[in-house]
Structure formats: C-alpha cells, structure tokens
Amino acid sequence: MALNKSMHPRNRYKDKPPDFAYLASKYPDFQQYVSTSLSGRPIVNFKEPEAVRALTCTLLKEDFGLTIEIPLERLIPTVPLRLNYIHWVEDLINGQGQLCKGIDIGTGASCIYPLLGATMNGWYFLATEVDDICFDYATKNVEQNNLSDLIKVVKVPQKTLLMDALKEETAIVYDFCMCNPPFFANQLEAKGVNSRNSRRPPPSSVNTGGVTEIMAEGGELEFVKRIIHDSLQLKRRLRWYSCMLGKKCSLAPLKEELWKQGVPNVTHTEFCQGRTMRWALAWSFYDDVIVPSPPSKRRKLEKSRKPLSFTLPEAGLKELQDKALAQGCTAYNPVDSITALMKSALTDLRVLHKKVPCSKQQQSLFLIAKENTWIHGRPKRRDHNRQLRELPRAPPSAGTGSQTTFTTTLPAITPYSQTQPSSVQNSETRNKASSAQELARQQQPAEQVLSGTLSTKTSNELQSPTKEQNEVLENVTGKYVDTEYPTSTEPPKQPAPATGQETGSKEVPAAEHKVQDISQEVAPSKRPLSPNAVQDFLFKCVLNVMLGESDVVIEMHWVAGQNKDLMNQLFTYLKNTLLRIGKEAKVVAKP
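Predicted model, so just to flag it, every value in this text is computed and none were measured.

(A) Layout of the overall build of the protein chain. Broken down by element type, the protein chain carries 21 helices and 14 strands. Residues counted as buried form 42% of the 591 residues belonging to the protein chain. Expressed as a percentage of contacts within the protein chain between residues at least 6 apart in sequence, the contacts between residues at least 24 apart total 71%. Looking at the protein chain as shown, the accessible area adds up to about 32,800 Å², and 51% of this sits on carbon and sulfur atoms.

Written as structure tokens, this is what we have:
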C-alpha cells in the first residue's frame, strides 16, 4: 500500500495493514477471494466486486465487531478510507469518546459512517437516504448490530440535503455533518472518459454503486455547493459542515465559494490509503472552534532515500593504490587513494567537484554536473580518431620550402629564390622555385587550418573561467578543481637542431605540436564550459568514500537536479572506471 504512511495517525491500518492470510484462515467466506502471488504473498483482486465486499465485511467483523450486508449493485465502501474520515471529524470537534451528534448525508446501504462512529465513540447519528434499496439495507444493518438507539435512518425525497432533514428537529444543535457525495456528473465521467488524465494508470479497484450514489447533476462540485447554500441558512445549527471530495480540482473552487460567502472558518485535508487519495473540506460559523491546520503543500511521503553505493573489496585495493601512486598521489590511506582516482576521473569528465568536511575515515566531494560527458564514450572516441585522420598532413619530401609553409605565410616563399646567387638561377633552379610556389599554393588550405583556425580556437575557447563561472563555483564554500585549460598555449621548447640542418626544419616540431593541440580540442570531454552552461546544472550530489572493516565503500547521495537517471549513469561510469583500473593494474603486475 503506497500511501499508508500518510494515513491519519490514529488509523489502525496505518502501521498494520490487514493480514489477508490470517483473515482467510479465520473467515471461509473471505478465503475464496484470496490468492497467492508469484512471490508467495497472499493478495486480493480489488477489481472483483465480490472480493471487495468480502474484505469490507470481514474487516468490520474482525476489527469492530460489526456484521453488515451490502448488495453488489450498490456502493461498497473501503474501511481504511472511511476510518480516516471518522478520525478527522474527531479532530474537528475535539470529541473523541465524547457524546456528540452528527448527520450523515446519503448514508448508503452499508451505513458505515454511523456504524463506525457509534461503535468507536458512542456518537448519535441522523442518517439520511434517498434510495429505497439503500434505505432498507441501512436500516437492517443498524438493527442487526443493536445500534438503533444511536442511529436513526430516515428516508428523504430526491435532491434533499440538510434543510428538509432538519425540519422536524428544530431544537437540536448537531456537532457535525458528513457526506460522501456523488463524484461524477454523467456516465462518461464515471468511466473516466473525460475526467481522468490519460497519463495516469487505470484504477486499481472496481467502481461500484447505484446511479444516485455515483452520479449527480453537475457532479460533486454542484452537489457540495448545494450543501454550502443550505449551511448559509442553517449556520449555527451545526458546528461543523464537512464533505469528502473525489477530485482535487474541486477543492479550490469550493474554498473560493466559501470565502465569497464570508464563512469565517474553512479548512481541508487529505485522505491517503492504499493507492487512493481523497480530499475533504470543512467549514464552521462558530468562533470558538479549533480549526485544524491543512496539510502542507510540500507534503512528502515518509520515504527514505537510499544512496547509490558499491564496495571495493580488499583484494583490489592494492592495485588501485599503486595506480594512484603512479599518478602522483602520496597518500598511503586507501580512502585517499580512491578519492584521488575519483577526482582524476571527474576532472576528465569536466564535473566540478569540491572537498567538503567529513569524518576522519572518509572523504566527501560535492559534485555539480553541468553537461553529460559520461555516456556514448566509444562513439566519441571513434569520431575523435576519424577527425585526426582527416587533418591535413605535410608531404614526406617536399624540400625546405614545403617545411617552411607550415609556419610562415605564403609571401615568405619569395625571398627563398631572391636570396640565391644570380649565377645559380638557371633554368633548373627557376623550375624548382616555381614548383615550390605551386606546392605552397596547393597547401594553402592546410596553412589556414593550422594558423587561422588554431589561433581562433586558442583565443576564444582555451581560456580561464569567466566571471560567471567563478560566481557559480564560489556558491559553495571553497574552490572547485579547475577543469578548464590553462591560458598559455605556448608549445614546449624544442632542442637546438644539429649542425648543418636547415633553418626551416626548426618549425616542424612546432607544427606537430599544434596538430596535437587540435586533437585535444576535438575530444568532446575536453571542450571548455560555455558561459550559458555555467548558469544551469544537470544535478548536484555528494560522493562519499568511506573505509569499511577491510574494504572501501563508495556512496553517492542525490541533492538536487533535473533527473536522477543522470546521476545513476555517472555513478555507474565511476564504478566501471575503478574496476577497469584495478583490472589493468593486475594485468601489468603479472610477471
């Protein structure tokens, strides 16, 4: 039962749901509707009216000592829901166990509200009913439980609510009225054709009831408005007026109607049980009543959020520590070594991370993921390798001029022929010079790629974090690990060339270094963050690395974000990364 933890605190089924196996062994009439699931758990098919009726009658008999009869063609109530309503009325009138008088509008064939109220609290009830069949069954149920002195069932005309029922009892002041109104306006709405959201799953239980019990002109909204109209005339004849609602969308317009009419005290609540929710509205014209607070708008189920976790066994910790030591980690504590490996993986993924305070035998990192860089890694690597293959390369033997072309502009070819002696510029030399110029013109696109494109990307993309990025990074105390590229893109100095080597050959290593820089830019996981991406994030979480008895436990706790599936993907990626590193270390360690 998904909503049982949000039941009324005094509901007996909140912490102890019905034991179908025990009830089946005790009540043969109920046993035939209990089956066993594939997991061996006893279950009841709530889409069978006979099964629902058998369960209701069995619970009333077992827990309250009540014996009732309900026809299948009339509304079959569920006990936990009705018990929630009874307990809320107790809160309204502050009358648990006190002698109170109440009215049940449309008591139904089961007469369940008066039976529960009279049995549990000794309340006196005036129960009204318009349907002949329901009136006969309700009267019979009251009599066979010997509660005729507390419950009075009266037959009233159609469309009668409170005014006509109280004509004969002008001197009595009732403490409350209850009502389970017809929810639907027509047959299509009762079947969920127009009223039920298509994204919601189908109902888990059968919808039973006669026409007068489930349908009324205008549905529950107009029905409750008629009760409000009667209350404006009766006012202090009742201390509290209340109605149960089957649709949450009916709550706001009814509350607005009460405020328009100047009703001083208005409250509402939620009834949670099984997979069903209902709402209730109450109002009073008395000034001395205690108005219960409505449920919080941010009501959350009492559901513990278990973190994602996995354990690194002691057998693989030595290899991971050796790998961390090879990467420059000087700590010999396995927790610090694993954390260092995790930091390295997070930096490669461009996930911002910051160390947060924690206990001595653990390390904690606060993570902010701004883009998904941990899925589809293999296709990204294939694209990266394909782009490397498509980059232009220098011809293997194009002479000195071809080497100079990669680092100098095209006009630099002209001095090459002018600096030669005039005696040497014969026809063969002119042919070589013209060939060099032609080769330079053919290689001009490659030059533009290496000079123009690289300079543009170097100045625009390979930069330090912007002001907006720093503001985001400083939202949490401390500084995040910088995952951007350094501002300097100057290539490392190359050793001096050997004697007799041409001057143009000095630039060849620089060209190769620039080609390597471009390959680093192409890698998807290495692209710098855009300013727009800094303002948003995919999710935030906390990563804990803890020392167990002989192993290391890694946990990831959700904090906030768009989708928990993304955190699950990152967690799986980090787990596989550690396992892969440990496996590779074992392979290397083998003799």
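From this point, things continue past the structure.
(B) Quick look at the environment of Ala345. Position of Ala345 relative to the elements: it lies in helix H12 (residues 334-348). Taking relative accessible area as the criterion, Ala345 reaches 10% and is therefore assigned buried. Placed 233 residues apart in sequence, Ala345 and Leu578 show a C-alpha to C-alpha distance of 9.2 Å.

(C) Looking closely at the sheet that holds strand E11 (residues 352-356). Within the open sheet, the 5 strands sit side by side as E10-E14-E13-E12-E11. Their pairing is antiparallel. Each edge of the open sheet is held by one strand with a lone partner, namely strand E10 (308-312) and E11. Neighbour-to-neighbour, the strand axes of the sheet open up by a mean angle of 20 degrees, direction not taken into account. Pairing analysis gives 8 bridges linking strand E12 (residues 362-369) to strand E13 (residues 539-547), with the strands arranged antiparallel.

(D) Summary view of the environment of Ser344. One can find Ser344 in helix H12. Residues Ser344 and Gln327, spaced 17 residues apart in sequence, show a C-alpha to C-alpha distance of 9.1 Å.

(E) A look at the nonpolar core. Core analysis: the largest hydrophobic core is formed by 54 residues, its most contacted members being Phe30, Ile151 and Phe176. Element by element, the count of residues in this core is highest for helix H4 (residues 79-93), at 9 residues. Every residue in contact with Phe176, bar those within four places of it in the chain, is listed here: Val89, Ile93, Cys100, Lys101, Gly102, Ile103, Trp123, Phe125, Leu238 and Trp240.

(F) Examining the pattern of salt bridges more closely. Scanning the model with the defined rule gives 11 salt bridges in all. Between Arg10 and Glu90 there is a salt bridge, with the nearest N and O atoms lying 2.9 Å from each other. Of this pair, Arg10 sits in the segment before helix H1 (20-26) while Glu90 sits in helix H4, and the two are 80 residues apart along the sequence. The exposure class assigned to Arg10 is partly exposed, which follows from its relative accessible area of 32%. Judged by its relative accessible area of 3%, Glu90 is buried. For Asp132, the salt bridge identified is with Lys155, shortest N-O distance 3.3 Å. Residue Asp132 is found in helix H6 (residues 132-144), and its partner Lys155 is found in strand E5 (residues 151-155); the two are separated by 23 residues along the sequence. The partly exposed category is assigned to Lys155, whose relative accessible area is 39%. A single network of salt bridges, built from pairs that share partners, joins Arg10, Glu90 and Asp91.

(G) Quick look at the side chain of His8. Summarising the element assignment, His8 is placed in the segment before H1. For His8, a relative accessible area of 13% translates into the label buried. Here the side chain of His8 touches Asp91 through a polar contact of 2.7 Å, side chain to side chain. For His8, the residues in contact, after removing those within four places along its chain, are Lys14, Asn84, His87, Trp88 and Asp91.

(H) Fine view of unusual backbone geometry. Despite not being glycine, Cys111 has its phi angle at roughly 55 degrees, a positive value. Within the secondary structure, Cys111 sits in the loop between strand E3 (101-105) and helix H5 (112-121). Given a relative accessible area of 0%, Cys111 falls into the buried group. Positive phi values are uncommon outside glycine, yet Lys235 reaches one of about 45 degrees. Among the structural elements, Lys235 can be located in the loop between helix H9 (219-234) and strand E7 (238-245). Among the residues examined, Lys235 registers a relative accessible area of 41% and is labelled partly exposed.

(I) Local environment of helix H11 (residues 314-326). Of all the positions in H11, only Gly316, Leu317, Glu319, Leu320, Gln321 and Ala324 are classed as buried. Note on H11: the residue one or two positions beyond its end, Gly328, has a positive phi of about 105 degrees.

(J) The confidence of the model for the protein chain, seen in detail. The predicted model of the protein chain has a mean per-residue pLDDT of 74, with 65% of residues at 70 or higher. Within the protein chain, no element has a lower average pLDDT than helix H17 (residues 444-460), which sits at 37, and none a higher one than H5, at 95. Contacts for the low-pLDDT stretch residues 398-436, under 50 throughout, to residues beyond four places or in other chains number 32 contacts. Low pLDDT (under 50) marks residues 438-534, which in the prediction has 114 contacts with non-local residues, meaning those over four places away or in another chain.

(K) Structural view of H9. The end-to-end C-alpha separation of H9 is 23 Å, in line with the 22 Å expected for 16 residues at 1.5 Å each. Within H9, the full set of buried residues consists of Gly219, Glu220, Phe223, Val224, Ile227, Ile228, Asp230, Ser231 and Leu234. Tucked into the core, H9 has its buried residues touching E3, strand E6 (174-179), E7, helix H10 (251-260) and strand E9 (276-284). With its phi angle positive at about 45 degrees, Lys235 sits one or two positions after the end of H9.

(L) The pairing of E12, seen in detail. The element E12 is extensively covered by neighbouring structure, given that 8 of its 8 residues are classed as buried. Burial of E12 is two-sided: the residues Gln362, Ser364, Phe366 and Ile368 facing one way and the residues Gln363, Leu365, Leu367 and Ala369 facing the other way are all buried. In this structure, E11 lies alongside E12, joined through 5 bridges in antiparallel fashion. Within E12, the position partnered with Lys355 by the bridge is Leu365. Hairpin connection of E11 to E12: 5 residues between the antiparallel strands.

(M) Region of the structure containing the sheet that holds strand E8 (residues 265-273). The strand order across the open sheet built from 7 strands is E5-E4-E3-E6-E7-E9-E8, with neighbouring strands paired in mixed fashion. The strands lining the two open edges of the sheet, one partner per strand, are E5 and E8. Strand-to-strand, the axes of this sheet are offset by a mean angle of 20 degrees, without reference to chain direction. Alignment of strand E4 (residues 124-129) against E5, held across 5 bridges, turns out to be parallel. Within E5, the residue paired with Thr128 across the bridge is Val154. Sheet strands in contact with H4 are E6, E7, E8 and E9, and its direction is about 150 degrees off that of E8. Of the strands in this sheet, E4 and E5 are in contact with H6, which crosses E5 at around 165 degrees.

How each quantity is defined
Residues numbered from 1 in each chain as written. Predicted model: local features only at pLDDT ≥ 70, side-chain atom pairs only at ≥ 80, totals over all residues. Heavy atoms only, no water. Helix = DSSP H or I, 4+ residues; strand = E, 2+ residues; numbered from the N terminus. Buried < 20%, exposed > 50% of the residue type's maximum accessible area, 1.4 Å probe, protein only. Contact = heavy atoms within 4.5 Å. Areas by Shrake-Rupley, 256 points an atom, 1.4 Å probe, with all protein chains shown as cover. Pairing = 2+ DSSP bridges. Axes fitted to C-alpha atoms, helices over the stretch in contact; angles between N-to-C directions. Core = buried A, V, L, I, M, F, W, Y, C linked by side-chain atoms within 4.5 Å. Salt bridge = Lys/Arg side-chain N within 4 Å of Asp/Glu carboxyl O. Polar contact = N/O pair within 3.5 Å; in protein donor to acceptor, adjacent residues only side chain to side chain. pLDDT = per-residue confidence, 0-100. Expected span 1.5 Å × (residues − 1).

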